[in-house]
Amino acid sequence: MTSDVTLDTLGLFCPLPVILTSKKIKEMIAGQILLVLSDDIGVKKDMVVWCENSGHELLQIVEEGTTIQCYVLKK
């Protein structure tokens, strides 16, 4: 999957990945895809909840080694 914007939150832990995602997605336009990189295992649950609450769509979560990639579609 490709993304329009990448947000690197590696080394940061809850709640920072979601807080930074919220800030970054406000800078984007509807229809763009944000890739959030994280190594905090909690981001898998947190991103699902945040997307449900914010109205954005979580397209996919991919794990590669210790890196978790969350693809979020801005609505």
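Above this text you will find the structure in question.
Just so it is clear, the structure is predicted and the values come from calculations on it, not from any experiment.

### Digging into the side chain of D40
Thought 1: Structurally, D40 can be placed in the loop between β2 (33–38) and α2 (43–54).
Thought 2: Buried and unpaired, D40 has K44 as its nearest opposite-charge partner, separated by 9.9 Å.
Thought 3: Among the polar contacts listed, one links the side chain of D40 to the backbone nitrogen of C14, at a separation of 2.9 Å.
Thought 4: Residues contacting D40, with those up to four places away along its chain left out, are L12, F13, C14 and I68.

### Description of the sheet that holds β2
Each strand in a sheet pairs with another by means of backbone hydrogen bonds, the pair being arranged parallel or else antiparallel.
Thought 1: With respect to topology, 4 strands assemble into an open sheet ordered β1-β2-β4-β3, the strand pairing being mixed. Among the strands making up the open sheet, the edge pair consists of β1 (5–8) and β3 (57–64). For this sheet the average axis-to-axis angle between neighbouring strands, irrespective of direction, equals 20 degrees.
Thought 2: Two elements, β3 and strand β4 (residues 67–73), share 7 bridges in a ladder whose sense is antiparallel.

### Some words on α2
An α-helical turn contains 3.6 residues, so any two residues separated by three or four positions project in the same direction.
Thought 1: For α2, built from 12 residues, the straight-helix expectation of 16 Å at 1.5 Å per residue is met to within 8% by its first-to-last C-alpha distance of 15 Å.
Thought 2: Those residues of α2 that fall on the buried side of the exposure criterion are V43, M47, W50 and C51. The buried residues of α2 occupy an angular sector of 100 degrees when projected down its axis, which confines them to one face. Across from the buried face of α2, at angles greater than 90 degrees, the exposed residues are K45, E52 and N53.
Thought 3: Tucked into the core, α2 has its buried residues touching α1 (16–26), β2, β3 and β4.
Thought 4: Phi turns positive, to about 90 degrees, at G55, one or two residues after α2.

Quick notes on the rules
- Residues numbered from 1 in each chain as written.
- Predicted model: local features only at pLDDT ≥ 70, side-chain atom pairs only at ≥ 80, totals over all residues.
- Heavy atoms only, no water.
- Helix = DSSP H or I, 4+ residues; strand = E, 2+ residues; numbered from the N terminus.
- Buried < 20%, exposed > 50% of the residue type's maximum accessible area, 1.4 Å probe, protein only.
- Lys, Arg positive; Asp, Glu negative; His and termini not counted.
- Salt bridge = Lys/Arg side-chain N within 4 Å of Asp/Glu carboxyl O.
- Polar contact = N/O pair within 3.5 Å; in protein donor to acceptor, adjacent residues only side chain to side chain.
- Contact = heavy atoms within 4.5 Å.
- Pairing = 2+ DSSP bridges.
- Axes fitted to C-alpha atoms, helices over the stretch in contact; angles between N-to-C directions.
- Expected span 1.5 Å × (residues − 1).
- Arc of directions from axis to C-beta.

Geometric descriptors of this kind do not, in isolation, establish any biological role.
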